[in-house]
Amino acid sequence: MADGGAVRAEVDAGGPAVYWAPGSQILWRYRENGGARFHIARPVTVVRDDSELLAVWMAPGTECVKPVLADGTPVHVEPLESRYTKPRSVTRGRWFGTGVLKLARPGEPWSVWLFWEPGWQFKNWYVNLEEPLTRWAGGVDSEDHFLDITVDPDRSWQWRDEDEFTQAQRDGLMSPQQARKVREAGHSAVRVIRAWGPPFSDGWQHWRPDPSWSVPSLPPDWHRTPAHLSS
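Residues numbered from 1 in each chain as written. Predicted model: local features only at pLDDT ≥ 70, side-chain atom pairs only at ≥ 80, totals over all residues. Heavy atoms only, no water.

1. A word on the pairing of strand β13 (residues 157-160)
Relative to β13, strand β12 (residues 139-151) runs antiparallel, the two being bridged by four bridges. In the strand pairing of β13, Thr 150 is matched with Gln 158. Where β12 folds back onto β13 in an antiparallel hairpin, the turn is made up of five residues, including Arg 155, whose phi is positive at roughly 75°. (Pairing = 2+ DSSP bridges. Helix = DSSP H or I, 4+ residues; strand = E, 2+ residues; numbered from the N terminus.)

Now the structure itself:
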């Protein structure tokens, strides 16, 4: 994976932080729920990275890692009642359709994703509730919290995947205490949406990727920390 370089910047905590330069290629990964292994890995290109925001672009055709059941069945096909209890594996696939712009503020328990229809017609924002991102030399890691929120261009919003959020609690993947924290994080995100604060108010729906960017490749040791980033 080619690395576009990094720059050092001072942060309010008093120590130096390394930020990725625009055009750098990194990994955006998720650990499996209730485990330590990674089951989602997506190579992305850095759009912006500083003390206030990490913005990355996942291009169409990007090779990614995603979870499947041990027999290869796609997760979303399995009935909800057994979706989280059957043995799992991972598989490689490609992200087809339009790309996704992902935005994350340091320490915030969600990221905001922007989706477009073909022809760059803006579709919606998607608030993915998750563990605050942790950074390492080649990317960022998190753990998904099942519950999500979609926000339409007219600023209306709605909860998503509440059935999965409930099932995950039934199956012991999330304690009652953690579930309360996730729901509280969701309500915090809703307050930002209602106030139309950043990043919704920042005009990211008008952003477009640099046409010179190549599609990042998936390193063979994507599951390791740190993974090897080959140029």
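After that view, the rundown keeps rolling.
2. Here's the deal with the side chain of Glu 130
One can find Glu 130 in strand β10 (residues 121-130). The buried charged residue Glu 130 lacks any salt bridge, with Lys 102 as its nearest oppositely charged partner at 7.1 Å. Within the structure, Glu 130 has its side chain in polar contact with the side chain of Asn 128 (distance 2.8 Å). Setting aside anything within four residues of it in sequence, one finds Glu 130 in contact with Trp 28, Tyr 30, Pro 109, Trp 110, Ser 111, Ser 142, Glu 143, Asp 144 and His 145. (Buried < 20%, exposed > 50% of the residue type's maximum accessible area, 1.4 Å probe, protein only. Lys, Arg positive; Asp, Glu negative; His and termini not counted. Salt bridge = Lys/Arg side-chain N within 4 Å of Asp/Glu carboxyl O. Polar contact = N/O pair within 3.5 Å; in protein donor to acceptor, adjacent residues only side chain to side chain. Contact = heavy atoms within 4.5 Å.)

3. Regarding the pairing of β12
With 13 of its 13 residues buried, β12 lies for the most part within the structure. As paired strands, strand β3 (residues 25-31) and β12 are joined by five bridges and run parallel to one another. When the sheet's bridge partners are listed, Arg 29 is paired in β12 with Asp 141. Both β10 and β12 contribute to a ladder of five bridges, which runs antiparallel. Looking at the pairing, Tyr 126 lines up with Thr 150 of β12. Connecting strand β11 (residues 134-136) to the antiparallel partner β12 that follows it, the hairpin turn spans two residues.

So yeah, pure geometry; function would need other evidence.
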